[in-house]
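# Breakdown of the fold
Below, each chain spelled out in residue letters.
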Amino acid sequence: MNQPQIQIPLDLPNVSVEKYEQTDKGLVITVVSTRDTAVCRHCGRTIDKFHGYDKAITLRHLPIFDRPVWIRIRPKRFQCPYCDKGPTTTQRCEWYDPKSPHTKAYENWILRELVNSTLSDVSLKRHLSIGCIEGILDRHIQRQVDWSTVPDLELIGIDEIALKKGHKDFVVIVSGLTAQREKYLLAVLPDRKKETVKAFLKTLPPRQCQSIRRVCIDMNEGYCNAAQETLPNAQVVVDRFHVAKHYRDCADKARKAEMKQLKQTLPESEYAQLKGAMWAFRKPWNRLTEEQQIVLLSLFRQAPVLKEVYVQREVLTGLFEQNLTKAQAEQALTQWLDRITELGLDCFTSFVTTLNNWRDHITNYFIRRETSGFVEGLNNKIKVIKRRCYGIYNLSRLFQHIWLDVQGRRTLFAEH
Ligand SMILES: [Zn+2]
């Protein structure tokens, strides 16, 4: 068949192409190294006495037009004239790792494919076994933090995720943020115990202990103490989204209780008019459609206390939105607490206790107002990874996956 032909550069340094042939497993390109030296594995000197060729190896390379490509090479061997008994050394080429059955270009491509994807998806799409992909992950991505690659951090976040829905099987994610707002994954810890978190924080290199200024956490005594005992320069900040979750849950409980009551007391047709009230109640007023506003107003007519609950919940959210100083925030929170007492809104009682216990750390948020998006963004990412990688309970694998999504994007795509 007479097909039009094109030429593509091979992009492998220091090789010449000897031949290429179509086989049933794909295109096999045989190359020869054009470099005439090696580094003696004993003395480390550069040697150039050619000794012969090793057995041919075949490495998987980047596909061309959706066809598998293999690079075949017979590595050169050189003999050392300086060492005793003249040992021989196989020449190393920069484009492949002797321990890998793939070229480096191919492995980097697979790693980029793995960003925001799963092992099984990539395995299926690229006709590559899970074992092969795990090998690639292990060759390129550390299973725990490599501190030499992490610049000085300003902030760390300690956060937990449940591995299985409804289970008490939590892992703790420790992440870091630099002054330039770059995110780093630092650890995936097996449990939420203070001692576990503290043991990890103790492994931080001294320069990091010095540079970290803030530790962003959920309201967890253990994390708080672990941070305060190991990072003397850091201020503990309670993430505002965790605070919000708490008081929003309080409001929602009140809504639930009132609606349950109404269901028993209202005629069916009247209760039916409250359809959709749950969703409407959860949203701020200006994000509601006109119909939702009408539903919410009928709910407030039937259960006036919910109007107060709703308004006070929104007042609190508004408070966190404002550009207050820590002192102003303290004052505003006191006013809010007074108002809650005045109105007798019992539903917020558990939140009031929390607020009193954590007040200082909660209002630390107002000093920099920067923590929420960082932890929350990472959390959402991890939730997605969990959904995609259902069944990853191996912590170092989980570390590799989160690393790929958090840092891999930056590292792997920057080279490109
Ligand atoms: Zn030598």
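Residues numbered from 1 in each chain as written. Predicted model: local features only at pLDDT ≥ 70, side-chain atom pairs only at ≥ 80, totals over all residues. Heavy atoms only, no water.

Let's shift gears to the environment of Phe320. For Phe320, the position within the fold is in helix α11 (residues 304-321). Residues Phe320 and Phe241, 79 residues apart in the sequence, show an inter-C-alpha distance of 9.8 Å. (Helix = DSSP H or I, 4+ residues; strand = E, 2+ residues; numbered from the N terminus.)

The mixed open sheet is built from 4 strands, whose spatial order is β1-β2-β7-β6. Every interior strand has two partners, whereas the edge strands, β1 (15-23) and β6 (57-64), have only one. Ignoring strand direction, the axes of neighbouring strands in this sheet form an average angle of 25°. As defined by bridge partners, strand β2 (residues 26-33) adjoins strand β7 (residues 67-73) across 5 bridges and the pair is classed as parallel. Bridge pairing links Val28 to Trp70 in β7. (Pairing = 2+ DSSP bridges. Axes fitted to C-alpha atoms, helices over the stretch in contact; angles between N-to-C directions.)

All right, on to the coordination of the zinc ion then. Around the zinc ion, the protein supplies Cys40 (SG), Cys43 (SG), Cys80 (SG) and Cys83 (SG) as donor atoms, at distances of 2.3 Å. Note that the zinc ion binds 4 donor atoms; their angles at the metal cover 105 to 113°, and the shape is tetrahedral. Each donor residue of the zinc ion belongs to the same chain, with the gaps between them written as C-x2-C-x36-C-x2-C. Of the residues examined, Cys40 reaches a relative accessible area of 3% and is grouped as buried. Residue class for Cys43 comes out partly exposed when judged on its relative accessible area of 29%. (Donors = N, O, S within 2.8 Å, 3.2 Å for Na, K, Ca; no water. Tetrahedral: all angles 85-135°; square planar, octahedral: opposite > 155°, others 65-115°. Buried < 20%, exposed > 50% of the residue type's maximum accessible area, 1.4 Å probe, protein only.)

Split into domains, the protein chain comes out as domain 1 (8-98), domain 2 (147-238 + 369-414) and domain 3 (244-368). Summarising the inter-unit geometry, the C-alpha centres of domain 1 and domain 3 are found 69 Å apart. (Domains from an automatic or database assignment.)

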